[in-house]
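Residue-level structure breakdown
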Amino acid sequence: MSTDLLITHASQLLTIPAHDHGPQRGDRLGDLAIIADGALAVSDGAIVALGPTTDLAAQYPAARIIDAGGRVVMPGFVDPHTHVVFAGDRANEFERRIAGATYMELMNAGGGIMSTVRATRAASVEELVAQTRARLDRMLAHGTTTAEVKTGYGLETAAELKMLDAITRLAAEHPIDLVPTFLGAHAIPAEYKGREDEYTALVANEMLPALASQPPTASRPLPFVDVFCEDGAFTLDQTRRILEKAQALGFALKIHVDEFEPLGGTRLGVELGAISVDHVVTTPAEEIELLGRSDTIAVSLPGTPFGLAQHAYTPARAILAAGGALALATDINPGTTWNESLQLIVALACRYLQLTQAQALAAATINAAYAIGRGEAIGSLEVGKQADVLIMDVSDYRAIGYRYGTNLVQTVIKHGKMIETGFLPVR
Ligand code: NIG
Ligand code: FE
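What comes next concerns the included structure.

**Regarding the coordination of the iron ion (ligand 2)**
- His 81 (NE2), His 83 (NE2), His 256 (NE2) and Asp 331 (OD) make up the full set of protein donors to the iron ion (ligand 2), lying at 2.0 to 2.5 Å.
- Going along the chain, you hit the donors of the iron ion (ligand 2) in the pattern H-x1-H-x172-H-x74-D. Placement of His 83 in the loop between strand E5 (77-79) and helix H2 (91-98) and of Asp 331 in the loop between strand E12 (326-328) and helix H13 (342-352) is noted, with a sequence separation of 248 residues between them.
- Residue classification places His 83 among the buried positions, given a relative accessible area of 3%.

Right under this line is the structure:
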């Protein structure tokens, strides 16, 4: 059988398989299913065979052969939680935080998310696309081949729809596959201060129906619906009102829970069958038990406490001990953590979540794919899946997470095509 592309001589080909058509759960997290001196054949953008180089080289003559030269070959990283579309920056707030101001103090003083909302409302869709494109380029260069992207810096119907428009345009032009999430409930906008329930009703009764009235297409899939359930953002009750309405309209759900204060968001996410609950830092033990028994995936964002110089991280080991499914994401945003690299997130997870390199890699690939509903198509190197593949410039996968601060990606292959990222030498 002739193929388009054959990758040969991976020192370790990490396949990182799905388990029973689902994420790797509990103590089974970290199953890399390594093929030594591995090879992978691609046809029409999909993986058609995997195995030892000696077997595949004979069976699959290819138009193009990439010799991995004894490097690690693995699935493209999947980033299941980003706020990558925004205008402007908050370097000034970072300077104030160094001087002692807290994230919530800045937010309550009219800065924080609201300062990015002002910049994003003022930006044209073209400006949003241009600013975001540069970030997506850096994400791709660092090995991210699919990313979830949230709205949430518009906080009024037209500006939220403008953000979705930017996501749709970027999805059409950029090699990274983008999966949209509507986060109209990211903050109470300043003009609704003291009228929080009114804004909640606006999200539930105007924004969600406006979204639901646009039938999904291949280039504009139905978004997930997410709420920031937190003191100073949305109460548990307001979160429930929005998510129950979203569910009734046919949307799948996500929730920002337990980033600072435990309000019961994890329990609510499990009750409503949310696809993921995200942050999961201050979650009480009994809610971790519920989560562990559910199909809801815990998406941990260790870049956020790191970016805020806080010391509490997701209790990953407790989640795994409860049998839960854990994924990792960057949470890239201008307030708490502007970081495009999932390699850094893997390094943080190894240290502060005490994951092994193998567990962190599975959490940032196959489990991340299931956290955005794409686990059947991406996230692992398995026959039939999309050929989103990384060649890492290391010979042992345990270097990933151990080493950090430089980009270890040598080559990105997206949908079977080698990508010229602008950062990588293309041979
Ligand atoms: O996930 N938690 C809420 N949203 C972001 C922060 C967004 C911002 O500060 O602009 C987060 O950390
Ligand atoms: Fe977030």
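Don't stop here, the text continues.
**Section: the sheet that holds strand E13 (residues 389-392)**
- Taken in spatial order, the 7 strands line up as E3-E2-E1-E4-E13-E14-E15 in an open sheet, and their pairing is mixed. Bordering the open sheet on either side are strand E3 (46-52) and strand E15 (417-418), each of which pairs with just one other strand.

**Side note on the pairing of strand E14 (residues 409-414)**
- Here E14 lies mainly inside the structure; 6 of its 6 residues are buried.
- As paired strands, E13 and E14 are joined by 4 bridges and run antiparallel to one another. Each bridged residue has a counterpart across the sheet, and for Met 392 the counterpart in E14 is Val 409.
- Sheet topology note: the E14/E15 ladder contains 2 bridges and is antiparallel. Within E15, the position partnered with Lys 414 by the bridge is Lys 417.
- With antiparallel pairing between neighbouring strands as the criterion, E14 and E15 make up a hairpin whose turn holds 2 residues, including His 415 at a positive phi of roughly 55°.

**A word on the pattern of salt bridges**
- Counting across every chain of the model gives 21 salt bridges.
- When the shortest N-O distance is used, the salt bridge between Glu 198 and Arg 195 registers 2.7 Å.
- Between Glu 271 and Arg 240 there is a salt bridge, with its nearest N and O atoms 2.9 Å apart. Of the two residues, Glu 271 sits in helix H9 (residues 265-272) while Arg 240 sits in helix H8 (residues 236-248), which places them 31 residues apart along the sequence.
- Look at the salt bridges and you will find they share partners, linking Arg 121, Glu 156 and Glu 191 into a network.

**Description of the sheet that holds strand E7 (residues 177-185)**
- Strand order in this open sheet of 8 strands is E5-E6-E7-E8-E9-E10-E11-E12, and the pairing throughout is parallel. What marks the edges here is a single partner per strand, and that holds for E5 and E12. With strand direction ignored, the average angle separating the axes of adjacent strands in the sheet is 25°.
- The sheet contacts of helix H6 (residues 157-173) involve strand E6 (144-150) and E7, and relative to E7 the element is tilted by about 175°.
- Those strands touched by H8 are E7, strand E8 (224-228) and strand E9 (253-257), and its axis lies near 165° from that of E9.

**Considerations on the packing of aromatic side chains**
- Summed over the entire model, instances satisfying the criterion amount to 6 aromatic pairs.
- Here Phe 86 and Tyr 153 contribute two aromatic rings whose centre-to-centre distance is 6.4 Å and whose plane-to-plane angle is 75°, an arrangement assigned as edge-to-face. Placement of the pair is Phe 86 in the loop between E5 and H2 and Tyr 153 in the loop between E6 and H6, with a sequence separation of 67 residues. For the pair Phe 86 and Tyr 153, a shared accessibility class is recorded, and that class is buried.

Rules behind the numbers
- Residues numbered from 1 in each chain as written.
- Chains lettered and ligands numbered in written order.
- Predicted model: local features only at pLDDT ≥ 70, side-chain atom pairs only at ≥ 80, totals over all residues.
- Heavy atoms only, no water.
- Donors = N, O, S within 2.8 Å, 3.2 Å for Na, K, Ca; no water.
- Helix = DSSP H or I, 4+ residues; strand = E, 2+ residues; numbered from the N terminus.
- Buried < 20%, exposed > 50% of the residue type's maximum accessible area, 1.4 Å probe, protein only.
- Pairing = 2+ DSSP bridges.
- Salt bridge = Lys/Arg side-chain N within 4 Å of Asp/Glu carboxyl O.
- Axes fitted to C-alpha atoms, helices over the stretch in contact; angles between N-to-C directions.
- Contact = heavy atoms within 4.5 Å.
- Phe/Tyr/Trp six-rings, centres within 6.5 Å; stacked < 30°, edge-to-face > 60°.

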